[in-house]
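Here's the letter readout for the chains.
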Amino acid sequence: MGKRFSKTFWCFSPPVMLATFFIETFGAVYVFLRYKNTQITRIIIALLFCLGIFQLAEYFICEGGIALPGLVWARIGYVAITLLPPLGISLAMAIARKRSRTGQVALYVIATGFIMYFLFVKNALVAEICAGNYVIFESNHSHIHYGLYYYSLLMVGVWMCFNWAREAKEKNVRSALTWLGGGYLAFMLPTALVNIVEPATLAAIPSIMCGFAVVLALVLIFKVAPKVCEKREWGKLSKKEIG
C-alpha cells in the first residue's frame with residue numbers, strides 16, 4: 001500500500017474531517033436558506049457542497065466506509081474536488097459580472113473529462129491510505145496533467161479576483177472579490193509551505209489542501225455571500241402567500 005507518513009505533522013484527523021464536513025454542509029444549507037436563489041448563491045452552495053463531500057469521503061476512508069469501500073470514496077472525493085477550480089472561476093465571473101460562455105463551457109468540459117477518468121479508469125486511483133492526519137492517494141498513472149489543470153485554474157481564479165476587484169466600482173463587489181481571492185490563497189499557500197517543509201506530504205496534496213480549505217468555506221459563508229447575495233424575506237413572503 002505504500003509508505004505511511006507521520007501521524008503527528010498536521011491535525012487533520014478523522015474527527016476534524018467530520019467537523020469540517022459539518023461546517024461546510026451546514027454552511028451550504030445556511031446560504032440556501034438565508035439568500036435568494038441567484039447564480040452567485042447557487043455557485044457558493046455548490047462550492048461548499050463539494051468541499052464537504054471531499055471531507056466526508058476522507059472520513060469514511062479513515063473510519064471505514066458505509067456500504068462502499070475506501071477506494072470508491074476516494075473516487076467520489078476526487079470528483080468533488082475536480083469541480084472546485086471551474087466553480088471558483090464561475091463565482092468570480094458572476095460577482096464581477098463578466099461573461100464568457102465559451103470559456104466556462106470549456107472549463108466544465110475539461111473537468112468532466114477528469115471526472116470520467118477518476119470514475120471509470122481502473123488505475124486512476126489504486127490505493128488510499130489514512131495516515132492519521134491526512135489521506136494519501138496512490139495511482140499507477142502520472143497525474144501531472146491533473147496537477148496542471150488544478151493549479152493553473154486556481155492561480156487564474158486568484159488573479160481574476162484581485163484584478164477585477166481593482167477595477168470594480170461597487171464597494172461590495174470589490175470587497176467580495178478581494179475576500180474570495182484571499183480565501184483561495186488561504187489554503188494554497190499553507191499547503192505549499194507544508195509540502196516544502198515535509199516533501200513526503202506531496203502524496204497527500206488533495207487532503208491537506210482541502211483541510212486548509214475550511215478557511216475558504218468560512219470566507220464564502222461570512223464574507224462573500226453577505227456582500228453579493230440577496231437576503232430572503234421570509235416574513236414578507238409568508239404574508240403574501242397568506243393574503
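Residues numbered from 1 in each chain as written. Predicted model: local features only at pLDDT ≥ 70, side-chain atom pairs only at ≥ 80, totals over all residues. Heavy atoms only, no water.

**Regarding helix H4 (residues 84-96)**
Here's step 1: For H4, which comprises 13 residues, the first-to-last C-alpha distance of 18 Å matches the rise-based estimate of 18 Å (1.5 Å per residue) to within 8%.
Here's step 2: In terms of burial, H4 is a largely internal element, 13 of the 13 residues being buried.
Here's step 3: Downstream of H4 by a residue or two, arginine 97 has a phi angle that is positive, lying close to 60 degrees. (Helix = DSSP H or I, 4+ residues; strand = E, 2+ residues; numbered from the N terminus. Expected span 1.5 Å × (residues − 1). Buried < 20%, exposed > 50% of the residue type's maximum accessible area, 1.4 Å probe, protein only.)

**Some details on helix H9 (residues 214-228)**
Here's step 1: Between its terminal C-alpha atoms H9 stretches 20 Å, which fits the 21 Å expected from 15 residues at 1.5 Å a residue.
Here's step 2: The principal kink in H9, of about 40 degrees, is found at leucine 220.
Here's step 3: For H9, every residue scored as buried is listed here: Val214, Leu216, Ala217, Val219, Leu220, Ile221, Val224, Ala225 and Val228. (Bend = angle between axes of the 7 residues up to and from the residue.)

**Looking at the environment of isoleucine 61**
Here's step 1: You can see isoleucine 61 is positioned in helix H2 (residues 39-63).
Here's step 2: Considered as a pair, isoleucine 61 and cysteine 130 are 69 residues apart in the sequence and their alpha carbons are 6.8 Å apart.
Here's step 3: If sequence neighbours within four positions are ignored, isoleucine 61 has contacts with Gly70, Trp73, Ala74, Glu128, Val135 and Phe137. (Contact = heavy atoms within 4.5 Å.)

**Considering the packing of aromatic side chains**
Here's step 1: Going through the model one piece at a time under the given rule, you end up with 15 aromatic pairs.
Here's step 2: Aromatic pair phenylalanine 22 and phenylalanine 26: ring centres 5.6 Å apart, planes at 20 degrees, arrangement stacked. Of this pair, phenylalanine 22 and phenylalanine 26 both sit in helix H1 (residues 14-34), four residues apart, roughly one helical turn.
Here's step 3: We classify phenylalanine 26 as exposed; its relative accessible area is 55%.
Here's step 4: A connected cluster of aromatic rings, assembled from ring pairs, spans Tyr78, Phe114, Tyr117, Phe118, Tyr146, Tyr149 and Tyr150.
Here's step 5: Lying over the aromatic face of tyrosine 35, arginine 34 brings its terminal NZ or CZ to 5.9 Å of the ring centre.
Here's step 6: The ring of phenylalanine 32 has arginine 232 sitting right over it, with the charged end atom 5.4 Å from the ring centre. (Phe/Tyr/Trp six-rings, centres within 6.5 Å; stacked < 30°, edge-to-face > 60°. Lys NZ or Arg CZ within 6 Å of the ring centre and 35° of its normal.)

**Side note on the nonpolar core**
Here's step 1: Ranked by size, the top nonpolar core spans 75 residues in total, and within it Ile44, Ile95 and Leu180 carry the most contacts.
Here's step 2: Broken down by element, this core gets its largest block of residues, 14 residues, from H2. (Core = buried A, V, L, I, M, F, W, Y, C linked by side-chain atoms within 4.5 Å.)

**Points about the confidence of the model for the protein**
Here's step 1: This prediction gives the protein a mean pLDDT of 84; 83% of its residues lie at or above 70.
Here's step 2: Segment residues 238-243: pLDDT under 50, and zero contacts once partners within four positions in sequence are set aside and those in other chains are kept. (pLDDT = per-residue confidence, 0-100.)

**As for the pattern of salt bridges**
Here's step 1: Per the stated rule, a full pass over the model turns up three salt bridges.
Here's step 2: Among the ionic pairs, glutamate 230 bridges to lysine 36, the shortest N-O distance being 3.9 Å. Here glutamate 230, found in the loop between H9 and helix H10 (234-242), pairs with lysine 36, found in the loop between H1 and H2; they are 194 residues apart in sequence, far enough to count as distant.
Here's step 3: Take glutamate 230: its relative accessible area is 45%, and that puts it in the partly exposed class.
Here's step 4: With its nearest N and O atoms 3.8 Å apart, the salt bridge here joins lysine 98 to glutamate 167. Of this pair, lysine 98 sits in the loop between H4 and helix H5 (101-120) while glutamate 167 sits in helix H6 (residues 144-167); the two residues are 69 residues apart in sequence, bridging distant segments of the chain.
Here's step 5: Given a relative accessible area of 35%, lysine 98 falls into the partly exposed group.
Here's step 6: The class of glutamate 167 is partly exposed, set by a relative accessible area of 46%. (Salt bridge = Lys/Arg side-chain N within 4 Å of Asp/Glu carboxyl O.)

**Points about the environment of tyrosine 35**
Here's step 1: Examined against the element boundaries, tyrosine 35 turns out to sit in the loop between H1 and H2.
Here's step 2: The exposure class assigned to tyrosine 35 is buried, which follows from its relative accessible area of 3%.
Here's step 3: Separated by 198 residues in the primary sequence, tyrosine 35 and glutamate 233 have C-alpha atoms spaced 8.7 Å apart.
Here's step 4: Not counting the four nearest positions on each side in its chain, tyrosine 35 is found in contact with Tyr30, Thr41, Ala225, Pro226, Cys229, Glu230, Lys231 and Arg232.

**With respect to the packing of helix H3 (residues 70-82) against H4**
Here's step 1: At a minimum axis distance of 5 Å, the contact between H3 and H4 shows a crossing angle of 25 degrees. Taken together, the axes of H3 and H4 are roughly parallel relative to one another. Within the contact between the two elements, H3 uses Ala80, Ile81 and Thr82 and H4 uses Leu84, Pro85 and Pro86.
Here's step 2: Of the residues contributing to the contact of H3 with H4, the split by class is five nonpolar, one polar and no charged. (Axes fitted to C-alpha atoms, helices over the stretch in contact; angles between N-to-C directions. Parallel < 35°, antiparallel > 145°, perpendicular 65-115°, else oblique. Nonpolar A, V, L, I, M, F, W, Y, C, P; charged D, E, K, R; others polar.)

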